[in-house]
Amino acid sequence: MKTILVAGGAGYIGSHMTALLVEKGFQVVVADNLSTGHRQAVKGGAALRVGDVRDAAFLDRVFSEFAIDAVVNFAAFSLVGESVTDPLKYYGNNVGGAVSMLTAMKDHGVDKIVFSSTAATYGEPEKQPIEETDRTDPTNPYGGSKLAIEGLLKWCDRAYGIRYAALRYFNAAGANGEADIGEDHHPETHLIPIVLQCALGKRERVGIYGDDYPTPDGTCVRDYIHVRDLAAAHLLALEYLDRGGQSGAFNLGSGDGFSVKEIIDTARQVTGKPIPAVTEPRRAGDPSVLIASNAKAREVLGWAPERGLETIIADAWAWHSGHPDGYGEG
Ligand code: UDP
């Protein structure tokens, strides 16, 4: 396994995977339409081909130019709120992109794919921590589109022998200072970057979306996982598939939960800034608690997350304070 195609490799998590693969000596080809990704996030050492994964001719050119051994597919839209108002956009891009990627893989004899899935496939969880065998019942079209692709992957394994690891991310955060890459979304909707934009003085305050949840301090609890630990899991999943591992879904979370208030308090400590916060109404569709069981990824992939919440926030802070305008593309 030498040459890896990273679709969506100019995006937040994809760029961290690209950096790790380059560091480990793989030949990396990034395919990205740059609709939400950033050219500057793809550092030297990786080849960038700009195009859309729904474009069969584009993918055919990429698979013909490079002898691809495996695919890591990050290319997707990922805004939960937008998916609710525009489900066709989400199914069209995410499922459509997966269909054309799998078609290109089948046509070019590529039989391994690591796919970005999400904790949103579970919807309102039955219990905590969440295990891969728990009920999947998404509460928004974003999670629905990812679960549909997991179903498609299962059938493609049976029909064409394309094996997959569907990695269900919990809350990705953090940055990679050595590679000089980090999080830069427009608009930004995620808690940690928003909190750090307050610390930078770019926002006046952070709104806490509800403080009447059935949790110890009333605010939602999430499982935050360092983006570099996520990248490490993708590499382990590639290696697992390469040695003949069976297809399956894997949770990627730390196994620990932190409330919105705990995140804000930790960010105050790390940054030394006051970070004003006000309580606002609940955000529709937010489950009160989402915590991963990561036992399967530990046992089957040999993964162990290494970076805790303070490191996540400190690394994100270093990125945001060094790049107050992100990649600066407006
Ligand atoms: N959140 C918040 N204020 C914000 C953004 C997020 O209180 O400005 C809360 C949100 O309700 C959720 C948690 O922070 O409970 C994490 O939200 P995020 O959007 O980062 O990730 P999600 O859990 O939705 O994937």
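As shown above, the structure is provided for reference.
Rules used in this analysis
Residues numbered from 1 in each chain as written. Predicted model: local features only at pLDDT ≥ 70, side-chain atom pairs only at ≥ 80, totals over all residues. Heavy atoms only, no water. Phe/Tyr/Trp six-rings, centres within 6.5 Å; stacked < 30°, edge-to-face > 60°. Helix = DSSP H or I, 4+ residues; strand = E, 2+ residues; numbered from the N terminus. Buried < 20%, exposed > 50% of the residue type's maximum accessible area, 1.4 Å probe, protein only. Lys NZ or Arg CZ within 6 Å of the ring centre and 35° of its normal. Near = heavy atom within 4 Å. Polar contact = N/O pair within 3.5 Å; in protein donor to acceptor, adjacent residues only side chain to side chain. Areas by Shrake-Rupley, 256 points an atom, 1.4 Å probe, with all protein chains shown as cover. Nonpolar A, V, L, I, M, F, W, Y, C, P; charged D, E, K, R; others polar. Salt bridge = Lys/Arg side-chain N within 4 Å of Asp/Glu carboxyl O. Pairing = 2+ DSSP bridges. Axes fitted to C-alpha atoms, helices over the stretch in contact; angles between N-to-C directions. Parallel < 35°, antiparallel > 145°, perpendicular 65-115°, else oblique. Left-handed = near helix turned anticlockwise from the far one by under 90°. Contact = heavy atoms within 4.5 Å. Lys, Arg positive; Asp, Glu negative; His and termini not counted.

A. Structural detail: the packing of aromatic side chains. Considering all chains together, one arrives at 3 aromatic pairs under this definition. An angle of 55° between the planes, with centres 5.7 Å apart, marks the rings of Phe77 and Tyr90 as tilted. Here the residue Phe77 occupies a position in the loop between strand 4 (70-73) and helix 3 (80-85), and Tyr90 occupies one in helix 4 (residues 87-108), the gap between them amounting to 13 residues. Take Phe77 and Tyr90: they sit in the same class, and that class is buried. For the ring pair Trp319 and Tyr327, a centre distance of 5.0 Å and an interplane angle of 50° mean the geometry is tilted. Accessibility assignment for this pair places Trp319 and Tyr327 in one class, buried. When the ring centre of Phe77 is taken as reference, the NZ or CZ atom of Lys89 above it lies at 4.8 Å. In this arrangement the basic side chain of Lys106 is found over the ring face of Tyr160, its NZ or CZ atom lying 5.4 Å from the centre.

B. Structural view of the site of the ligand. The local shell around the ligand holds 14 residues, among which Leu191, Gly207, Arg222, Arg283 and Asp286 are the closest. Take Leu191: an N or O atom from its main chain is 2.8 Å from an oxygen atom of the ligand. Between the ligand and Gly207 there is a distance of 2.7 Å, counted from a nitrogen atom to a backbone nitrogen or oxygen. For the ligand, the accessible surface in isolation is 510 Å², of which the surrounding protein chains cover 88%. Those elements that place two or more of their residues in the shell around the ligand are helix 6 (191-199) and strand 8 (206-209). For the shell around the ligand, the per-class residue count stands at 7 nonpolar, 4 polar and 3 charged.

C. Up close: the pattern of salt bridges. Under the criterion given, the structure shown has 17 salt bridges. Here Asp111 and Lys112 are joined by a salt bridge, their closest N and O atoms 3.2 Å apart. Look at Lys112 and you get buried, because its relative accessible area is 9%. Bridged by salt links that share partners, the residues Asp111, Lys112 and Asp242 form one connected network.

D. Structural view of the pairing of strand 4. Across the two faces of strand 4 the burial is the same, with Ala70 and Val72 and Val71 and Asn73 all buried. Sheet topology note: the strand 1 (residues 3-7)/strand 4 ladder contains 4 bridges and is parallel. What sits directly across from Leu5, in strand 4, is Val71. Bridging between strand 4 and strand 5 (residues 112-118) involves 3 bridges; their strand directions are parallel. Among the inter-strand pairings, Val71 is bridged to a residue of strand 5, identified as Ile113.

E. Expanded view of the packing of helix 4 against helix 5 (residues 141-160). At their nearest, the axes of helix 4 and helix 5 sit 9 Å apart, and the two run at 20° to each other. In terms of orientation, helix 4 and helix 5 fall into the roughly parallel class. Like other packed secondary-structure pairs, helix 4 and helix 5 cross with a definite hand, here right-handed. On helix 5, the residues that touch Pro87, Tyr90, Tyr91, Asn94, Val95, Ala98, Val99, Leu102 and Lys106 of helix 4 are Pro141, Tyr142, Gly144, Ser145, Ala148, Ile149, Leu152, Leu153, Cys156 and Tyr160. Split by residue class, the contact of helix 4 with helix 5 holds 15 nonpolar, 3 polar and 1 charged.

F. Main features of the side chain of Asp184. Tracing the backbone shows Asp184 in the loop between strand 7 (171-173) and helix 6. An unpaired buried charge is present at Asp184: no salt bridge exists, and Lys202, the closest side chain of opposite charge, is 8.7 Å distant. Here the side chain of Asp184 touches His186 through a polar contact of 2.9 Å, side chain to side chain. The contacts of Asp184, once residues within four sequence positions are left out, are His38, Asp325, Gly326, Tyr327 and Gly328.

G. Region of the structure containing the environment of Pro141. Mapped onto the secondary structure, Pro141 falls in helix 5. A relative accessible area of 16% means that Pro141 is categorised as buried. Taking the C-alpha atoms as reference points, Pro141 and Ile68, 73 residues apart in sequence, are found 31 Å from one another. Among residues more than four places away in sequence, those in contact with Pro141 are Ser83, Val84, Pro87 and Tyr91.

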